Amino acid sequence: MKAHYDLVIVGGGMVGASLVCALLPVARRLSLSIALIEQQALPTQEGQPFQPSYDARSTALAYGVRSFYQATGVWDRLVEHLTPIEHIHVSDRGRFGVTRLHAEAEGVSALGYVVENHWLGQVLLEHIQQDSSGCVDLLCPASVSSVSPTTTGAELMVDFAGQSHAISAELIVLADGGRSGLRESLGIVCDEQSYHQQALVANVSLDRPHGQVAYERFTERGPMALLPGETLQGESRCGLVWTLPDDAIGEMLALDDRAFLAELQQVFGYRAGRFIRVGQRYHYPLKLTLAQEQVRGGLVVLGNAAHALHPIAGQGYNLALRGVTDLAENLIESRQLGIALGDLARLQRYEQQRRVDQQRTIAFSDRTMRLFSNANPVLGLGRSIGLQALDLCPLAKTLFARAAMGLDSPALQLPR
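Model, not experiment: these values are computed from the prediction.

Asker: What am I meant to see in the packing of helix α1 (residues 14-27) against helix α4 (residues 117-129) here?
Answerer: The angle between the axes and the distance between the axes are what describe a pair of packed helices. One can describe the packing of α1 onto α4 by two numbers: an axis separation of 9 Å at closest approach and a directional angle of 35°. Crossing handedness for the pair α1 and α4: left-handed. Facing α1, whose interface residues are M14, A17, S18, V20, C21 and L24, α4 presents N117, L120, L124, L125, H127 and I128.

Asker: So what exactly am I meant to see when it comes to the sheet that holds strand β7 (residues 112-116) here?
Answerer: Two modes of strand pairing occur in sheets, parallel and antiparallel, and in both the strands are linked by backbone hydrogen bonds. Pairing in this open sheet of three strands is antiparallel, and the strands run β3-β7-β4 from one edge to the other. If you trace the sheet from one side to the other, it starts and ends with β3 (58-62) and β4 (82-85), each paired once. In this sheet, neighbouring strand axes are inclined to one another by 25° on average, regardless of whether the strands run parallel or antiparallel. As judged from the four bridges shared by β4 and β7, these two strands associate in the antiparallel manner. Considered in β7, the bridge of L82 is made with V115.

Asker: What exactly am I supposed to notice about the nonpolar core here?
Answerer: Side chains of a nonpolar character, in soluble globular proteins, are inclined to be buried together. Counting residues in hydrophobic clusters, the biggest one holds 55 residues, and the most contacted among them are L7, I9, L19, Y69, L78, I128 and V173. Among the elements that take part in this core, α1 stands out by supplying 11 residues, more than any other. Ignoring any residue separated from it by four or fewer positions in sequence, one finds L19 in contact with I9, V173, L302, V324, L327 and A328. Among the nonpolar cores identified, the runner-up in size contains 25 residues, and L139, I172, I188 and A305 belong to it.

Asker: Can you walk me through helix α7 (residues 257-268) in this structure?
Answerer: In an α-helix, one turn spans 3.6 residues, which is why side chains three or four residues apart end up on the same side. Between the first and last C-alpha of α7 there are 16 Å, a value that for 12 residues agrees with the 16 Å anticipated at 1.5 Å per step. When α7 is considered as a whole, its buried residues turn out to be F260, L261, L264, Q265, V267 and F268. Looking at the buried positions of α7, the neighbouring elements they touch are β12 (190-206), β13 (213-218), β14 (223-228), β15 (236-245), α6 (246-254) and β16 (275-278). A positive backbone phi angle near 95° is found at G269, which sits one or two residues after α7.

Asker: Could you clarify how one ought to interpret the packing of aromatic side chains in this entry?
Answerer: The description of an aromatic ring pair rests on the distance of the ring centres and on the angle between the ring planes. A complete count under the given rule lists five aromatic pairs for this structure. Consider the rings of Y215 and F268, whose centres lie 5.4 Å apart with planes at 85°: the pair is edge-to-face. Placement of the pair is Y215 in strand β13 and F268 in helix α7, with a sequence separation of 53 residues. Each member of the pair, Y215 as well as F268, is classed as buried. Aromatic side chains W242 and F260 sit 6.0 Å apart centroid to centroid with 55° between the ring planes, which places their arrangement in the tilted category. Placement of the pair is W242 in strand β15 and F260 in helix α7, with a sequence separation of 18 residues. On the accessibility criterion, W242 (1% relative accessible area) is buried.

Asker: Just checking my understanding: could you explain the pairing of β15 for this structure?
Answerer: Each regular strand carries side chains that alternate between the two faces of the sheet. Extensive coverage of β15 is indicated by the burial of eight of its 10 residues. The sheet contact formed by β12 and β15 spans 10 bridges and is antiparallel. Counted as the bridge partner of V201 is V241 from β15. Judged from the five bridges that link them, β14 and β15 form a sheet pairing that is antiparallel. Bridge assignment links A225 to a residue of β15, and that residue is V241.

Asker: Can you walk me through the environment of W75 in this structure?
Answerer: Position of W75 among the secondary structure elements: in helix α3 (residues 75-78). Residues W75 and V123 lie 48 residues apart in sequence; the distance between their C-alpha atoms is 9.1 Å. Residues within four places of W75 in sequence aside, it is in contact with R66, Y69, Q70, L82 and Y113.

Calculation notes
Residues numbered from 1 in each chain as written. Predicted model: local features only at pLDDT ≥ 70, side-chain atom pairs only at ≥ 80, totals over all residues. Heavy atoms only, no water. Axes fitted to C-alpha atoms, helices over the stretch in contact; angles between N-to-C directions. Helix = DSSP H or I, 4+ residues; strand = E, 2+ residues; numbered from the N terminus. Left-handed = near helix turned anticlockwise from the far one by under 90°. Contact = heavy atoms within 4.5 Å. Pairing = 2+ DSSP bridges. Core = buried A, V, L, I, M, F, W, Y, C linked by side-chain atoms within 4.5 Å. Buried < 20%, exposed > 50% of the residue type's maximum accessible area, 1.4 Å probe, protein only. Expected span 1.5 Å × (residues − 1). Phe/Tyr/Trp six-rings, centres within 6.5 Å; stacked < 30°, edge-to-face > 60°.

Given below as structure tokens:
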């Protein structure tokens, strides 16, 4: 551990670790010193190959994310446990409208990918540990008790290996998640809007192969997504995200597995087959969150600490990765120009760039949720007509597919 770093990243989850991986290819050439601080102990496999877990949480990666992870050098390892999304099926329960997207028709190998969060995190941290440049110190497990601004950046107190250490940095990045205590301690206020909904998350098994199909199904009580996952013990496994009103979540959690599967089958239908098994059920409240300040001199708020979206369009992590790319580009350019990484004017340029993308993505997610959660029969008819028209119009379908794949946003390419 050093007393001073150019960059300190608080949070070694998928966002914080991705930022380190984005900077590694140029870190030695630019003489960047980086510390990554993670509160949880490193995952270990003790020399054993990675084993997918039935109850593991997963993330949908847009197709456009592939270029980012290829540039960081982790893609070849990551694909060992990725499930490609080759087809997307969008429908509105009880209505005639449906839209289908196919990777082959769009000229791509996949419309997106599904990855277990644990596997993605392990691959990123392994890549950082195997780096030979000596530019990165991984402090883990460690916690940060305070962050204070200074005239040249920021200072933080780190509890590591049983001792408390004072560390200074040109720039500190808070990537410690949506419940960031450090963000709150710094007085950074978030705009929050509750959807009065809960996301019920679980893995389920089908009685047939899922065929790499991802489903988005809109129902009277809220949308549900079914994402294809790795086959385990001969069972075709899928990740379920079911949006329910606050007053309905308790009832669904109280059902035993058999009753829950019957309710899920009745609402979802049989397009994917018969549901034969469900794992542990989790739930969390849904709200739109946006930090009013995402940069200060010597400070950046990144990922879920900066924004949280409704999961209906699956854009939360992909939005965060675009933030990682923009920040990496900003920091590399600052270093090349001889400007401090925490320079406020430079960071404000980054923030302005991110705000445009955030507002567009949030608006799309929010409007989609409200449109497909409204029980008004006139709107329902309009939704069905819209979905059917989209399915019949090749140009509109391609535009929709590009949005789903993250190809209508700035490319996730890293500068060299």
